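Reading the structure
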Protein chains: 2
Amino acid sequence: MNVTATEENYLKAIFKINERTNKAVNTNSIAALMNTSPASVTDMLKRLSEKKVINYIKYKGVTLSPEGNKIATNLIRRHRLWEVFLVNKLNFSWENVHDIAEELEHIKSDRLINSLDNFLGNPRFDPHGDPIPNAEGKFMLRNQISLDQLRPGQIGTLVGVKEHDSPFLTYLNSLNIELGTQLKVISKIDFDHSMKVKIDTNNESQLSQKICKNLLVKRI
Amino acid sequence: MNVTATEENYLKAIFKINERTNKAVNTNSIAALMNTSPASVTDMLKRLSEKKVINYIKYKGVTLSPEGNKIATNLIRRHRLWEVFLVNKLNFSWENVHDIAEELEHIKSDRLINSLDNFLGNPRFDPHGDPIPNAEGKFMLRNQISLDQLRPGQIGTLVGVKEHDSPFLTYLNSLNIELGTQLKVISKIDFDHSMKVKIDTNNESQLSQKICKNLLVKRI
DNA sequence: TATAATTTTTAGGTCACCCTAAATATTAAT
DNA sequence: ATTAATATTTAGGGTGACCTAAAAATTATA
Ligand SMILES: [Mn+2]
Ligand SMILES: [Mn+2]
Ligand SMILES: [Mn+2]
Ligand SMILES: [Mn+2]
């Protein structure tokens, strides 16, 4: 089934919303995520349904068909591999790769993406710690929790971030927090649920609950 | 000036035809090169003229404005750099890179292309021997002649090919001819202007005039 | 359960990019 | 200089992807 770049983006959006909510995806959430109008979404859902890449029942939300799922996971694979390329080979930093990958992901060539994967050493995670699905669309799972779930005294290694927007990542840069950084919870403030955290063996910083919820760590 | 990917392709086509003919480019030649109808070309020329990237006089053909020239040379720069990437880093061979580069070239990020250029070691020629313009759009010139201009006994090093289509390049592969290969003219047949040519220090092959006109060499 | 609020779809329209057929302008040939 | 051939543009139309406003369906609330 031949889909356009725009259609791929819609499928990816549906995949991501479903990943988060685990239920049929509604029109408005797609519109919100894609910065488009609900009417445009309905328009597109009809086309995607026609192409049999989604299961669509009027007013009842939408899920991906097996073919749609394959297209979406493949797109995510390409997106994340290009992000690795940009960071590891072209020395971009993690807050500057998403928008470019958003374009690169649509280049359609299996050969290209498999060569790229190989060239990069078959990475399993992207620069934000997100798993890169293999050619069959399987994601690698990892036991991870958000930093705010740690109790004082506990230590975690940063393995991922939930939010990917530039300002948040730039803020982490300023705190010297990156993937692999060790974070030790010193204390928690009950009032606003912020935490005092020791970053690697260096400085201590006060992190808001919002920040802590967006930092994914592996307990050690 | 913001141009779409399609508009960029038209500008590149105009640039290439003008490069070959050195005069105002006519509608039909653009249509032929782009596999589209003359009516569609006229349609696009109006848009491009509106955007001031071409100088267009009805019925009189078209030339690039300075801004149009900049867009076209920049596109060619991106195209050729991606081809180098595919060949030098991802181990593609020269007959399989053009179509993919045709998509990659439209990714718009100066930072991306400058990092790529740097990553590749600032190559001055692409895998087909075509010069890669610098960031200012300047092409490197090289004194080269087509193989058919050599006389028996003379030797040339292959520095480029005129045609870029897959079958031609695949044929060259089968003859063990690639960039850098030494070609020594053994004899010329007056009847069909074909040539017997020694390829490096190995075998001799009979090459048709059409092939010889497409091989660009530097005399040594 | 009836009404209000929210969500979703339909209606009708725009814009870029393409098409074919017909009309018009330019260039070549007699 | 006409006429014929060729090149180019105009006319009219289609599709994908968007939009706003209005209508209809669903869900929440009183
Ligand atoms: Mn991303
Ligand atoms: Mn995308
Ligand atoms: Mn090429
Ligand atoms: Mn192109």
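The structure contained in this document is the topic of the report that follows. (Residues numbered from 1 in each chain as written. Chains lettered and ligands numbered in written order. Predicted model: local features only at pLDDT ≥ 70, side-chain atom pairs only at ≥ 80, totals over all residues. Heavy atoms only, no water.)

1. Side note on helix α2 (residues 27–34) of chain A
All names here are of chain A. Convention followed: Buried, partly exposed and exposed residues are distinguished by accessible area as a fraction of the type maximum, computed with a 1.4 Å probe on protein chains only: under 20%, between the cut-offs, and over 50%, respectively. Working definition: helices are DSSP H or I runs of at least four residues, strands are E runs of at least two. Numbering for both runs from the N terminus. We call two residues in contact when some of their heavy atoms are within 4.5 Å.
Along α2, the positions that sit buried rather than exposed are Ser29, Ile30 and Ala31. If you follow the buried residues of α2, they end up packed against α1 (5–21), α3 (38–50) and β2 (62–64). After α2 finishes, the residue Asn35 shows a positive phi value of roughly 50°.

2. Some remarks on the nonpolar core
Stated precisely, the cut-off is as follows: Nonpolar core, defined: a set of buried Ala, Val, Leu, Ile, Met, Phe, Trp, Tyr and Cys residues in which side-chain atoms within 4.5 Å join the residues together.
Counting residues in hydrophobic clusters, the biggest one holds 34 residues, and the most contacted among them are Trp82(A), Trp82(B) and Phe85(B). Every residue in contact with Phe85(B), bar those within four places of it in the chain, is listed here: Trp82(A), Phe85(A), Leu116(A), Phe119(A), Leu90(B), Leu116(B), Phe119(B) and Leu120(B).

3. Notes on the coordination of the manganese ion (ligand 1)
Residues and elements named next belong to chain A. Counted only if it meets this: Counted as donors are the N, O and S atoms within 2.8 Å of the metal, or 3.2 Å for Na, K and Ca, while water is not among the atoms, so some sites may look incomplete.
Surrounding the manganese ion (ligand 1) are the protein donor atoms His79 (NE2), Glu83 (OE) and His98 (ND1), which sit 2.0 to 2.2 Å from the metal. All donors of the manganese ion (ligand 1) belong to a single chain; written as a sequence motif, their spacing is H-x3-E-x14-H. Note that Glu83 is positioned in helix α4 (residues 66–89) and His98 in helix α5 (residues 98–104), a separation of 15 residues in sequence. Its relative accessible area of 1% is what places Glu83 among the buried residues.

4. A few points about the protein's contact with DNA strand C
Stated formally: To be near a molecule or strand, a residue needs just one of its heavy atoms within 4 Å of it. Throughout this description, a polar contact denotes any pair of N or O atoms lying within 3.5 Å of each other; where both atoms belong to protein, one of them has to be capable of donating a hydrogen while the other can accept it, and for residues adjacent in sequence the pair is counted only when both atoms sit in side chains. The nonpolar class holds Ala, Val, Leu, Ile, Met, Phe, Trp, Tyr, Cys and Pro. Asp, Glu, Lys and Arg form the charged class, and all remaining residues, Gly among them, are polar.
The immediate surroundings of DNA strand C are formed by 23 residues, with Asn26(A), Tyr56(A), Lys58(A), Thr4(B) and Ser40(B) found nearest. Protein-proximal atoms of DNA strand C, defined as those within 4 Å of the protein, fall in sugar or phosphate at a share of 76%. One nitrogen or oxygen atom from the main chain of Asn28(A) is found 2.8 Å from a phosphate oxygen belonging to DNA strand C. Between DNA strand C and Tyr59(A) there is a distance of 3.1 Å, counted from a phosphate oxygen to a backbone nitrogen or oxygen. For the surface near DNA strand C, the elements supplying multiple residues, two or more each, are α2 and α3 of chain A together with α1 (5–21) and α3 (38–50) of chain B. For the surface near DNA strand C, the element with the most residues is α3(B), which contributes five residues. Of the residues assigned to the surface near DNA strand C, the class counts are eight nonpolar, ten polar and five charged.

5. Some words on the sheet that holds strand β3 (residues 145–146) of chain A
Residues and elements named next belong to chain A. Rule in force here: Here, a strand pair is defined by DSSP locating no fewer than two bridges between the strands.
Taken in spatial order, the six strands of this open sheet run β3-β8-β4-β5-β6-β7, and their pairing is antiparallel. The two strands at the open ends of the sheet, each matched to only one other strand, are β3 and β7 (204–207). Alignment of strand β5 (residues 182–188) against strand β6 (residues 195–199), held across five bridges, turns out to be antiparallel. Looking across to β6, one finds that Leu183 is bridged to Ile199.

6. A closer look at the coordination of the manganese ion (ligand 3)
All names here are of chain B. Looking at the metal site, the manganese ion (ligand 3) is ligated by His79 (NE2), Glu83 (OE) and His98 (ND1), spaced 2.1 to 2.2 Å from it. In primary sequence terms, the donor set of the manganese ion (ligand 3) follows H-x3-E-x14-H. Of the two residues, His79 sits in helix α4 (residues 66–89) while His98 sits in helix α5 (residues 98–104), which places them 19 residues apart along the sequence. A relative accessible area of 6% means that His79 is categorised as buried. Taking the relative accessible area as the measure of exposure, His98 reaches 29% and is therefore partly exposed.

7. Describing the interface of chain B and chain A
Which entries qualify depends on this criterion: Buried area adds together the accessible area that both of two parts lose upon being put together, with accessible area traced by a 1.4 Å probe.
Taken residue by residue, the interface counts 19 residues in chain B and 19 residues in chain A. Among the residues of chain B in contact with chain A, Leu90(B), Ile107(B) and Arg111(B) are the three that bury the most area, contributing 28% of the side total. For the pair chain B and chain A, the interface holds zero residue pairs in polar contact (both at pLDDT 80 or more). Going through the elements one at a time, α4, α5 and α6 (110–119) of chain B are the ones with two or more residues in the side of chain B that touches chain A. Sorting elements by how many residues they give to the side of chain B that touches chain A places α6(B) first, with five residues. Considering only residue class, the side of chain B that touches chain A consists of eleven nonpolar, four polar and four charged.

Function-wise, these values are silent; they only describe arrangement.
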